[in-house]
Amino acid sequence: FSLFTAIHKHYSLQQWKEFASQNPECLEHLAASSGTGSSDFEQLEQILEAIPQVKYICLDVANGYSEHFVEFVKDVRKRFPEHTIMAGNVVTG
């Protein structure tokens, strides 16, 4: 039995590490979420480098059709070529 969950972007690296050490069996069913700012990208890198068992990334923004978002998705793909990326939201065409 497993439940897939995207964890919101506001958890710190330390909180991620604590969760990972206490719940290693959950890591394969989690996505690390990110916004599109440079600090968001840096935090995403830190989390995924510290916890390599997390193989999913969630990029959820209100305007998933914007050129900025498209470029951000490309940057994330380039940096994390082996991860599965969920990008956009329910109103993104």
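Here the structure is a predicted model, which is why all the values come from computation and not from measurement.

How each quantity is defined
- Residues numbered from 1 in each chain as written.
- Predicted model: local features only at pLDDT ≥ 70, side-chain atom pairs only at ≥ 80, totals over all residues.
- Heavy atoms only, no water.
- Axes fitted to C-alpha atoms, helices over the stretch in contact; angles between N-to-C directions.
- Helix = DSSP H or I, 4+ residues; strand = E, 2+ residues; numbered from the N terminus.
- Parallel < 35°, antiparallel > 145°, perpendicular 65-115°, else oblique.
- Left-handed = near helix turned anticlockwise from the far one by under 90°.
- Contact = heavy atoms within 4.5 Å.
- Nonpolar A, V, L, I, M, F, W, Y, C, P; charged D, E, K, R; others polar.
- Buried < 20%, exposed > 50% of the residue type's maximum accessible area, 1.4 Å probe, protein only.
- 1 Å grid on protein atoms, 1.4 Å probe; cavity = no way out; pocket = protein on both sides within 12 Å on 5 of 7 lines; lining within 4 Å.
- Points joined across faces, edges and corners; volume = space filled by probe spheres on them.

## A few points about the packing of helix α2 (residues 38-50) against helix α3 (residues 67-79)
Here α2 crosses α3 at 25 degrees, and the two axes come no closer than 12 Å. Judged by the inter-axis angle, α2 sits roughly parallel to α3. Judged by the sense of rotation from one axis to the other, the crossing of α2 with α3 is right-handed. Of the residues in α3, those touching α2 at Phe41, Leu44, Glu45 and Glu49 are Phe72, Asp75, Val76 and Arg79. Grouping the amino acids of the contact of α2 with α3 by side-chain chemistry returns four nonpolar, no polar and four charged.

## Digging into the side chain of Ser34
Mapping Ser34 onto the fold places it in strand β2 (residues 30-34). We classify Ser34 as buried; its relative accessible area is 3%. Among all residues touching Ser34, those that are not within four sequence positions of it are Lys9, Asp40, Phe41, Leu44, Cys58, Leu59, Asp60 and Phe72.

## Here's the deal with empty space enclosed by the protein
The tally for this structure, following the rule as stated, stands at one cavity of 30 Å³ or more. In terms of lining residues, the largest cavity is bounded by Ile7, His8, Lys9, Tyr11, Trp16, Ser33, Ser34, Asp40, Gln43, Leu44 and Ile47. Those elements that provide at least two residues to the lining of the largest cavity are β2 and α2. Element by element, the count of residues in the lining of the largest cavity is highest for α2, at four residues. Grouping the amino acids of the lining of the largest cavity by side-chain chemistry returns five nonpolar, four polar and two charged.

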